[in-house]
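# Structure assessment
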Amino acid sequence: MKIRTMKLREAHTAADDSVCSILWASDAGHIVTSSSSDNAICIHHASAPSNAPKFLRNHREGVTALALSPNSTCLASASLDHSVKLYKFPGGDFETNITRFTLPIRAVAFNKSGTILAAAGDDEGIKLVNTIDGTIARVLKGHKGSVTSLAFDPKSEYLTSLDSNGTVIYWELQSGSTLHVLKAIAPNNGTDVSVMNILAWSPDGELLAVPGLKNNVVLYDRDTAEKLFSLSGDHLQPICFLSWSPNGKYIATSGLDKQILIWDVDKKQDIERQKFSECITCMAWKPEGNALAVIDVKGKYGVWESVVPSTMKSPTEDIPGLYSKNSNGLLLFDEEEEPCASGNLSDLNEDSYDDFEPLRRKRSRKHSSYDDEMEDVNDELETVSKVETRKKAFYGHKENLSGKSGSRNMMVTAGTKMQEPFQPGATPAHPGKRHFLCYNMLGSITTMEHEGYSHIETDFHDTSSGPRVSAMTDYFGFTMASLNENGSVFANPCKGDKNMSTLMYRPFSSWANNSEWSMRFEGEEVRAIALGSGWVAAITNLNSLRIFTEGGLQRYILSLDGPAVTAAGYKDELAVVTHISPPLPTNEQILEFRVFNISHGSQPLRGRLPLTPGSTLTWFGFSEEGQLSSFDSKGILRVFTSQFGGTWLPLFSASKIKNSEENYWVAGLNASKLFCIVCKSPETFPQSTSKPVLTLLDLSFPLAASDLGADSLENEFMMNNMHLSRIQRSIEEREASGLDCTLLDDEAFTVETSLDRCILRLIASCCNSDKHVRATELFKLLSLEKSSRAAIKLVTALKQPNLAERFNNILEEKLLSEKKENIAHPGSKSNFNGSIKPEVASTKFFTAEINRAAETAVASPVNTFPSTSNTRARNVEEPTKDRNGKSEESKTMTPGRTIDLKATGKGNANGVHNAGEATKATKVDQLSSSRPSNPFAKSSSNQGSSSLFDSLKKTKKADIKGKV
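Residues numbered from 1 in each chain as written. Predicted model: local features only at pLDDT ≥ 70, side-chain atom pairs only at ≥ 80, totals over all residues. Heavy atoms only, no water.

In terms of helices and strands, the protein carries eleven helices and 54 strands. Put simply, the protein has 964 residues, and 55% of those count as buried. Within the protein, counting contacts between residues at least 6 apart in sequence, those at least 24 apart form 53% of the total. Of the roughly 42500 Å² of accessible surface on the protein, 49% is carried by carbon and sulfur atoms. (Helix = DSSP H or I, 4+ residues; strand = E, 2+ residues; numbered from the N terminus. Buried < 20%, exposed > 50% of the residue type's maximum accessible area, 1.4 Å probe, protein only. Contact = heavy atoms within 4.5 Å. Areas by Shrake-Rupley, 256 points an atom, 1.4 Å probe, with all protein chains shown as cover.)

This is the structure we're talking about:
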C-alpha cells in the first residue's frame, strides 16, 4: 500500500501542541475549525478555501471543543474560559452563553434531535442542557478524571463518556443512571491536555468504538457493553482520534505516530493511510462524496480527497436511516416545534443520585470468546466469525422486539428515577435571563447571571410593610434561597478547587453591625435550605441536617434516614422531606416527612408523604395558618390534619378545573384559597422578567358526584369539620401550655355555628330528595340544641311528619342523657339542659331560615334551603366587637320574626326570650361527653376535659355575680 502525504494550510497559530477541532456542515458547504491556543472560531468556505474565513471571537480564551446541531443550524463551542456558547450557523451570530463551569471544558455534543447539549471537562459532572429554554436538565456524576469525549447514541437512549483515565461510562438518558462502567479500557493520558481520548457510536447505533490500550480500536456492544472485536494495524503509538464514515462501513483513526489509517470495519483491516508532519487531533468526514477534513496540533487544516479507493463502496453510500439528513433539527429558545420525547429532560433538576440505580431492563450477556491477551491473527479471525454469527442472531432478535407494539421502549423506560432535591418557589436557571431563587407569600428573590458574578434582588409583595432590602452582588453562584420576614438565606452547590459549598444568612435588620454570616462545607454539598423564627437549616448530600441560630451559632447536627428532597420552615417548626427507598416499579416515589420543633428540640410529626401514583413532589410548605401542605406534579394539593391520628386530606385537584392549556405553579395557601401562578402549557413555571400575576383558587375536596346534588354544601360541611378540628387542636395545645384560649373559643363557636347552618341546609336537600336516613345522620351531628329544634321545625314545614317525630325522639334521648349526666356530675352543663340561654342573634338566623324554607316548600314540592349569606343579610344584624374584642348583641331586630322554639318539641328546653330581654348576648353552655358524635371533629375526653365554650360560660357567670 502506497503511503501518501498532503499539504495543510494554516487556520490557527499555535506556539505549542494544541487540541484543535474541525467540523463539516451537513450541506458540505462550510468547514469550522478551532484551537485551544486561539480564542477564535473560523468558518471556512469549503468550495473556496482561498477566501478569507469568518472569525468568531466571543471567547476570552482558547476553544477546546466544537459541536454542530444535526441540521447545522446551531454551533456550540466550549472554551478554557469555562463557558459554552451558542451561535447561529452558518451566519455566526452569537446567541447565548448556554452554560458555565468552574473549570475548563473539554467536550460538547448534541443529541440526535438537537434538543439536548451535553458538556463536560475538568469539573465533576456532565451537564445536560435543554437547548429549548437553556435550563440544566441533569448533571451526571461518576467520572474521576477530566471528561474528554461525549457521544449520544443515535437511537437517543444512551450517552457515553470517556475520561482522561481511560474509563468509559454508559448513561441511560431516561433515568440518568449508569448502565455500565468500563474502567481503564482506553489510554491513560493523566494531566496531558494536549492529547484527548475520543469515542464514537456507529451511525446505526449498534457499536461503540473506543481507542484501545494496544494502539488499536476496540468495538463494544451497544447494550451489553461487551468487547466484540478490535481493529489492529500499523499504528505505532496510541490512537488519539477516530471517526465513523456516514454509512458506518469505514473508520478513520489518527495516532500519535502522525498518520491516519482508514479501516474497513467488516473486513477488520486498514485499506488506506496518510502520513503527516504533525499529529492529527481531529477529523470529519464530508457528508457528501468521498473526502475527509483533518486538522493537526499546530492549527493547520486540509481536505483529503478520495479517501476510500474508487473500487470500494463510497463512505456516503447507503447511509442508515438513523443518521440521515432528514433528522430533526435544533430547537432553540421560544421555537414552537416540540422536542422528541427521548430528549426532553427539562422536567428534571440539576443534581442526580448515583447511589440508587432504578430498575432497568436486564439482558443476558453474550459470552465473548475474546481474551484481552489473545491478539494472534488466526485466533482473531476465528473469533470474529463466531461473534458475527451470534451478533446477527442477536440483532435479529432485537428487530423482533421492536415490532411488538413498542415493547422494547416499554422495557427501556421501566426504570424510575428518584426525585432530585428542589427548593420550593424556585425556577430553573435561564442563561442571560433572570429567574427565581425563591417565591412565596411574602415576596421573591431573583438572580441574573453575568460574567463571573450574579445580581440578586429581594422584593416584597406588600411594599408598604416589607423592609427595604438592597440588591446584592453574588460571587458564590447561589442556586437556592429561602425568605421570611426577618431575613434570607442562600446556598450554592460544591464548586472550586476545594469542592466547597457555601451557606450565607442575610438579616434584613439588626441592632448589631456585621450581623451577616456564612458557613463553608468542604467536600459536603448543600441540597436544601429553610428558614424559621430565629433559626436557619441546611440539608447536605451526606444526609446531615445542620441547624444554626439567627446569629450563626452551630446548634444541632442531625443525621437523616435518606437523601433530601426539600425542606420548609414556619416559626419554630422545620419540615423535611427525604427518600426512604428507591421508587417502586409502579413509578411511585417513596417519601417521608418529618417535622421538628426547633425551640423545644422535639419531633412532633413523622410519617409517609402521600403522592399521586406516577407523580413527583413539586411544592412543599406551610399554609398561612401553619398547616403542613404538599402539591404534586399531577395537580393534587394535600394538607396535613390531626384527624384520624394524623393524615393528609386532598383539598385541591387541578383535574377538576384544569384547562388543558394551563399548569399551576404554587406560591402558597391559606385556610380557604390556593395562591398560584397559571402557566400556559407546555410551561410549568413562570418567567421572572415580568412580575407574575397570582391567581386565587378555592380549596375543595375532590368529592364524588353525589345523588343529592348538593356538592357545594357537602364540601362546605367537610371544610368546616376540618377547620374545627384544627382549632380544637390549637386550643388543646394552648391549654396544655397554660395560655389564654378566649380568641380561639370565639373562633370555634363561629365555626360550629357555620357547621350547623350547613347541616340544616343539607337536611333540607335530603328531604327534597327523600334521603331520610341521611337526614337523620346529619341531625345527629348538630352541635347546638337550638339547631336541633330548628331542624325539627324545618322538616315539619317541609311536610315530613315521620322525620319530625324521629328527630324529636333523638332529641329527647339526648336531653335525657344530658340530664343523667348532670345528675352524675352536677358541675357539668351542656347545650341541651336549658340552664343557659342560647344566643339571640344565632336563634334569629335559624328562625328566619325555617320560615323561608317553609314558605318555599308550600310553593313548590322541590326546593333547596336558602343561602346563608342572603338570609343573614336580610334578617340578622351581625354581632359587633367592642375594643376589647368581646361580642355585643345587635341593637336592632327584625320585628315579627322571633319565635319561641319550645312549641316545636316536647323536650325541656328554654326558647328565645323576647327582644326586650335580649340586652346582652350570652354564649352556649359547655358541651358534655354525650354530645352528638361528629366523626370529623376530634372527640374530647370524658374526664374533666374543657370544651370550646368554657371561657364563654365563665364570662356568663361573672356577669350574673356582678348583677347580684
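Past the structure itself, the notes keep going.
Moving on, we get to the confidence of the model for the protein. When pLDDT is averaged along the protein, the result is 77; 74% of the residues meet or exceed 70. Counting interchain partners and residues more than four positions distant, the pLDDT-below-50 stretch residues 833-845 has 45 contacts. (pLDDT = per-residue confidence, 0-100.)

It is worth spelling out the pattern of salt bridges at this point. If you walk through the whole model with that rule in mind, you get 28 salt bridges. Ionic pairing is found between glutamate 592 and arginine 606, a salt bridge with its closest N-O pair at 3.0 Å. One end of the pair, glutamate 592, is in strand β44 (residues 590-597); the other, arginine 606, is in strand β45 (residues 602-609), with 14 residues separating them in the sequence. Its salt-bridge partner being lysine 771, residue aspartate 707 comes within 3.2 Å of it at the nearest N-O pair. Linking aspartate 707 in the loop between β52 (695-698) and α4 (711-736) with lysine 771 in the loop between α5 (742-768) and α6 (772-780), this pair joins segments that are 64 residues apart in sequence. Judged by its relative accessible area of 26%, lysine 771 falls in the partly exposed class. Among the charged side chains, a network of salt bridges with common partners joins Asp153, Glu157, Arg222 and Asp223. (Salt bridge = Lys/Arg side-chain N within 4 Å of Asp/Glu carboxyl O.)

Helix length check: helix α7 (residues 785-797) (13 residues) gives 19 Å between terminal C-alpha atoms against 18 Å at 1.5 Å per residue, within 8%. With respect to burial, α7 is a largely interior element, eleven of its 13 residues being buried. A positive phi of about 60° marks lysine 799, the residue just after α7. (Expected span 1.5 Å × (residues − 1).)

Below, the discussion takes up the sheet that holds strand β27 (residues 280-285). Strand order in this open sheet of four strands is β2-β29-β28-β27, and the pairing throughout is antiparallel. Single-partner strands in this sheet number two, and they are β2 (9-10) and β27. Note that β2 and strand β29 (residues 300-305) share two bridges and pair antiparallel. Each bridged residue has a counterpart across the sheet, and for glutamate 10 the counterpart in β29 is lysine 300. (Pairing = 2+ DSSP bridges.)

On to the packing of α5 against α6, then. α6 packs onto α5 with a crossing angle of 165° between their chain directions and a minimal axis gap of 9 Å. In this view, α5 runs roughly antiparallel relative to α6, as classed from their interaxial angle. Crossing of α5 over α6 shows left-handed handedness. Together, Ile759, Leu762, Ile763 and Cys766 of α5 and Arg774, Ala775, Leu778 and Phe779 of α6 make up the contact between the two elements. Partitioned by chemical class, the residues of the contact of α5 with α6 number seven nonpolar, no polar and one charged. (Axes fitted to C-alpha atoms, helices over the stretch in contact; angles between N-to-C directions. Parallel < 35°, antiparallel > 145°, perpendicular 65-115°, else oblique. Left-handed = near helix turned anticlockwise from the far one by under 90°. Nonpolar A, V, L, I, M, F, W, Y, C, P; charged D, E, K, R; others polar.)

The geometry of α4 relative to α5 is characterised by a closest axis approach of 9 Å and an angle of 155° between their N-to-C directions. Judged by the inter-axis angle, α4 sits roughly antiparallel to α5. Between α4 and α5 lies a crossing whose hand is left-handed. The residue makeup of the contact of α4 with α5, split by class, is twelve nonpolar, five polar and eight charged.

The next subject is α5. For α5, with 27 residues, the first-to-last C-alpha span of 40 Å sits near the 39 Å given by 1.5 Å per residue. Of all the 27 residues making up α5, 23 are buried; the element is thus mostly covered by neighbouring parts of the structure. Downstream of α5 by one or two residues, aspartate 770 has phi in the positive range, about 60°.

Pairing is antiparallel in the open sheet, where four strands are placed in the order β30-β31-β32-β33. Each of the sheet's edge strands pairs with one partner strand only, and the pair in question is β30 (435-439) and β33 (472-474). Adjacent strand axes in the sheet meet at a mean angle of 25°, parallel and antiparallel pairs treated alike. Across three bridges, the pairing between strand β32 (residues 453-460) and β33 is antiparallel. By the bridge assignment for β33, histidine 455 is matched with threonine 473.

Burial analysis of strand β48 (residues 636-641) places six of its six residues in the buried class, which makes it a mostly covered element. Of the two faces of β48, the one holding Ile636, Arg638 and Phe640 and the one holding Leu637, Val639 and Thr641 are both buried throughout. Across three bridges, strand β47 (residues 628-632) lies against β48 in antiparallel orientation. Bridging across to β48, serine 629 finds its partner in valine 639. Two successive antiparallel strands, β47 and β48, enclose a turn made up of three residues, where glycine 635 displays a positive phi of approximately 85°. Here β48 runs beside strand β49 (residues 647-653); their pairing, made up of six bridges, is antiparallel. Residue leucine 637 lies in a different strand from β49, and its bridge partner there is phenylalanine 652.

Summed over all chains, the structure comprises 20 aromatic pairs. With a centroid separation of 6.0 Å and an interplanar angle of 70°, the aromatic rings of tyrosine 87 and phenylalanine 94 are classed as edge-to-face. Taking the relative accessible area as the measure of exposure, tyrosine 87 reaches 0% and is therefore buried. For phenylalanine 94, a relative accessible area of 37% translates into the label partly exposed. (Phe/Tyr/Trp six-rings, centres within 6.5 Å; stacked < 30°, edge-to-face > 60°.)

Core analysis: the biggest nonpolar cluster contains 44 residues, and Ile260, Ile262 and Leu292 have the highest contact counts within it. If you look at the next biggest cluster of nonpolar residues, it comprises 37 residues, including Leu713, Cys741, Cys758 and Ala775. (Core = buried A, V, L, I, M, F, W, Y, C linked by side-chain atoms within 4.5 Å.)

A word on the side chain of serine 615. When you line up the elements, serine 615 lands in the loop between β45 and β46 (617-622). Residue class for serine 615 comes out buried when judged on its relative accessible area of 2%.

Of all five residues making up strand β14 (residues 136-140), five are buried, and the element is well covered by its neighbours. As paired elements, strand β13 (residues 126-130) and β14 share four bridges and run antiparallel to each other. Looking across to β14, one finds that valine 129 is bridged to isoleucine 136. Between β13 and β14, which pair antiparallel one after the other, the connecting turn spans five residues, and glycine 134 there sits at a positive phi close to 80°.

Our focus in this paragraph is the side chain of serine 444. Mapped onto the fold, serine 444 is located in strand β31 (residues 443-450). Its relative accessible area of 8% is what places serine 444 among the buried residues. Residues in contact with serine 444, not counting those within four places in the same chain, are Phe436, Cys438, Tyr439, Glu457, Thr458, Asp459 and Leu483.

A few words on unusual backbone geometry. Following phenylalanine 89, the chain continues into proline 90 via a peptide bond in cis, with omega recorded as 10°. Relative to the elements of secondary structure, proline 90 occurs in the loop between β9 (83-88) and β10 (94-100). Non-glycine residue lysine 571 carries a positive phi angle of around 55°. Examined against the element boundaries, lysine 571 turns out to sit in the loop between β42 (564-570) and β43 (573-581). We classify lysine 571 as exposed; its relative accessible area is 51%.

Our next topic: the environment of glycine 532. Within the secondary structure layout, glycine 532 lies in the loop between β38 (526-531) and β39 (535-540). Along the primary structure glycine 532 and serine 482 are separated by 50 residues, whereas in three dimensions their C-alpha atoms are 9.6 Å apart. Sequence-distant contacts of glycine 532, that is, excluding residues within four places in its chain, are made with Asn484 and Lys571.

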